[in-house]
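Listed below are the residues making up each chain.
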Amino acid sequence: WISSGGSGLNKESRTSQFPLIKNIPGYTNSLQEDNVFSIYEAPSEPGIIWFGSEKGLDRYDKKAGRYTHYRHDNQKANSISKGRVVSITEDKKGRFWIGTSEGDLNLMDRKNGSFIHFANDKSKKLTLLKSVSDGTLWIGSDQGLDFVYS
């Protein structure tokens, strides 16, 4: 998978052509946004690809060919945090972490599609999440590196 910087996604298919995957306005079974900032395939969910965009998080089931969208909703406290999704990772316990450009860290319950928010210093712009084998969740920002033992 290759993000094309505002024009959708290219999917490598082991041929000379890269199919372009884009948002199709008015069609819910497509990306919700062409600006894709993060792509993740969780080891615990083979065949499921996650895309982080300006508008939120997309879950794509390759076998079924179906998208599920998660967006921030001011009326729902357990929706994903506001801001573009810049990083996605899964820790060794199978917990699913999402970082947004507003600096928030989200822990997603994938069974019911809800999120728990961990507010970060708003002066820091979250840029990367990385879970490592000892259980540490590394959080990269425009001001350095932090860690959380999970």
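Predicted, not measured: the structure shown is a model, and the values here were computed from it.

Now, about the overall build of the protein: what can you tell me, with residues and values included?
Looking only at helices and strands, the protein has zero helices and 14 strands in total. Put simply, the protein runs from its N terminus to its C terminus through helices and strands in the order β-β-β-β-β-β-β-β-β-β-β-β-β-β. For the protein, the proportion of its 150 residues judged to be buried stands at 42%. Pairs at least 24 apart in sequence give 34% of the contacts found in the protein among residues at least 6 apart. If you sum the accessible surface of the protein, you get close to 8400 Å²; carbon and sulfur atoms cover 50% of it.

An account of the environment of Gln32 is requested, with residue identities and associated values reported.
By secondary structure assignment, the location of Gln32 is in the loop between strand S3 (20–21) and strand S4 (36–40). For the pair formed by Gln32 and Asp58, sequence separation is 26 residues and the distance between their alpha carbons is 7.2 Å. Setting aside chain neighbours within four positions, we find Gln32 in contact with Asn23, Ser53, Lys55, Gly56, Leu57, Asp58, His69, Tyr70 and Arg71. At 3.1 Å, the side chain of Gln32 and the backbone oxygen of Leu57 are in polar contact.

How would you summarise the packing of aromatic side chains if you had to cite specific residues and measurements?
Counting across every chain of the model gives six aromatic pairs. For the pair Tyr40 and Phe96, a centre-to-centre distance of 6.1 Å together with 55 degrees between the ring planes defines the contact as tilted. Taken as a pair, Tyr40 in strand S4 and Phe96 in strand S9 (residues 96–100) lie far apart in primary sequence, 56 residues in all. One aromatic cluster is present, formed by Tyr40, Trp50, Tyr70, Phe96 and Phe115 through successive ring pairs.

If you had to explain the nonpolar core to someone new, which residues and values would you point to?
Here is a general trend for soluble globular proteins: nonpolar side chains tend to be buried in one another's company. Grouped together as the largest cluster of nonpolar side chains are 13 residues, with contacts concentrated most on Trp50, Leu57, Ile88, Phe96, Ile98, Met108 and Phe115. Breaking this core down by element, the ones donating at least two residues are strand S5 (48–53), strand S8 (85–90) and S9. Contact partners of Ile98, with chain neighbours within four places excluded, come to Leu57, Ile80, Val85, Ser87, Asp104, Leu105, Asn106, Met108, Phe115 and Leu129.

An account of the pairing of strand S12 (residues 126–131) is requested, with residue identities and associated values reported.
The two faces of a sheet get side chains in turn, since along a regular strand they alternate between them. With five bridges connecting them, S12 and strand S13 (residues 136–141) associate as antiparallel partners. Across the sheet, the residue bridging to Leu129 is Ile139, located in S13.

Let's hear about the pairing of strand S10 (residues 105–109): which residues, and what values?
For S10, the buried fraction is high: four of the five residues fall into the buried class. Bridge count between S9 and S10: four bridges; the pairing is antiparallel. Considered in S10, the bridge of Gly99 is made with Leu105. Between the end of S9 and the start of S10, which pair antiparallel, lie four residues, with Gly103 showing a positive phi angle near 95 degrees. Taking the residues that link successive antiparallel strands as the turn, the S10-strand S11 (residues 114–118) hairpin has four residues, and the phi of Gly113 there is positive, at about 70 degrees.

Please give an account of a nonpolar patch on the surface that cites residues and values.
A contiguous nonpolar patch, built from Trp138, Leu145 and Phe147 and spanning about 310 Å² of accessible area, is present on the exposed surface. Structurally, the position occupied by Leu145 is in strand S14 (residues 144–149). Assessed through its relative accessible area of 57%, Leu145 is described here as exposed.

What counts, and at which threshold
- Residues numbered from 1 in each chain as written.
- Predicted model: local features only at pLDDT ≥ 70, side-chain atom pairs only at ≥ 80, totals over all residues.
- Heavy atoms only, no water.
- Helix = DSSP H or I, 4+ residues; strand = E, 2+ residues; numbered from the N terminus.
- Buried < 20%, exposed > 50% of the residue type's maximum accessible area, 1.4 Å probe, protein only.
- Contact = heavy atoms within 4.5 Å.
- Areas by Shrake-Rupley, 256 points an atom, 1.4 Å probe, with all protein chains shown as cover.
- Polar contact = N/O pair within 3.5 Å; in protein donor to acceptor, adjacent residues only side chain to side chain.
- Phe/Tyr/Trp six-rings, centres within 6.5 Å; stacked < 30°, edge-to-face > 60°.
- Core = buried A, V, L, I, M, F, W, Y, C linked by side-chain atoms within 4.5 Å.
- Pairing = 2+ DSSP bridges.
- Patch = residues over 30% accessible without salt bridge, like charges linked within 9 Å, V, L, I, M, F, W, Y side chains within 5 Å.
- Salt bridge = Lys/Arg side-chain N within 4 Å of Asp/Glu carboxyl O.

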